[in-house]
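Okay, here's what each chain looks like letter by letter:
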Amino acid sequence: MEKGKSEKVAPFIRPTFLLFHFFHSFPFNLFMRVVLQRVSRAEVLVDDKIVGKIGPGILVLLGVSDEDSEKEAIYLLEKTLNLRIFEDAAAKMNLSLLDIKGELLVVSQFTLYGDARKGRRPSFIKAAAPEKANKLYEFFVVEARKQIGRVETGRFQAMMKVELLGDGPVTILLDSEKLF
């Protein structure tokens, strides 16, 4: 090639195209997900009876996919417990749930794996089967109880009403593959 002239690159192999293609062809919904909400209080009701209730802390909506294992659960639990989303004396988000000795309410939510890209009804095909999801949900809760004074839960596979008083509001999305 002559000096000063650049070789033309076909559009289908440009780096930007490759990144676009990678992210848009990547299997959707393969990794454990949580939605964290900083709350002043939260509770879960089943059949109009409170089954879990916390004061200041974090409400965790936990979604489990078919590909998840205890490794992903541990990663997300550690991230949840240590994420600095509580205000310090200077009103800066510098404190974690562990720092403030906050409480945790964990609710299983397979609808975090709703894929609504096609049609009008979400598909939940990527959500883990109930047996696997419950096993990892229970594992997450047991591990959390080893580190926090108060961990409450919803009831797996029950129709639940979740009431919360958000603090901030502060809502954080996490997944085990760090896509967001």
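Conventions and cut-offs
Residues numbered from 1 in each chain as written. Predicted model: local features only at pLDDT ≥ 70, side-chain atom pairs only at ≥ 80, totals over all residues. Heavy atoms only, no water. Helix = DSSP H or I, 4+ residues; strand = E, 2+ residues; numbered from the N terminus. Contact = heavy atoms within 4.5 Å. Phe/Tyr/Trp six-rings, centres within 6.5 Å; stacked < 30°, edge-to-face > 60°. Buried < 20%, exposed > 50% of the residue type's maximum accessible area, 1.4 Å probe, protein only. Lys NZ or Arg CZ within 6 Å of the ring centre and 35° of its normal. Lys, Arg positive; Asp, Glu negative; His and termini not counted. Salt bridge = Lys/Arg side-chain N within 4 Å of Asp/Glu carboxyl O. Polar contact = N/O pair within 3.5 Å; in protein donor to acceptor, adjacent residues only side chain to side chain.

### Looking at the side chain of Ser176
Inference 1: With respect to the element layout, Ser176 can be found in the segment after β8 (160–175).
Inference 2: With residues near it in sequence (within four places) discarded, Ser176 still touches Phe31, Met32, Asp68, Glu72, Tyr75 and Leu76.

### Topic: the packing of aromatic side chains
Inference 1: This structure, assessed with the given rule, holds two aromatic pairs.
Inference 2: Between Phe110 and Phe124, the ring centres sit 5.0 Å apart and the planes meet at 70°, which makes this aromatic pair edge-to-face. Taken as a pair, Phe110 in the loop between β6 (103–108) and α4 (130–145) and Phe124 in the loop between β6 and α4 lie far apart in primary sequence, 14 residues in all.
Inference 3: A residue is classified by how much of its surface remains accessible, and Phe124, at 30% relative accessible area, is partly exposed.
Inference 4: A ring pair is formed by Tyr137 and Phe156, whose centres lie 5.9 Å apart and whose planes are at 35°; its orientation type is tilted. Of this pair, Tyr137 sits in helix α4 while Phe156 sits in the loop between β7 (151–153) and β8, placing them 19 residues apart in sequence.
Inference 5: Lying across the ring of Tyr113, Arg33 places its NZ or CZ 5.1 Å from the centre.

### Considerations on the side chain of Arg33
Inference 1: Residue position: Arg33 is located in strand β1 (residues 33–46).
Inference 2: As a buried residue without a salt bridge, Arg33 has its nearest oppositely charged side chain in Asp175, at a separation of 5.9 Å.
Inference 3: A polar side-chain atom of Arg33 sits 3.1 Å from the main-chain carbonyl oxygen of Leu112.

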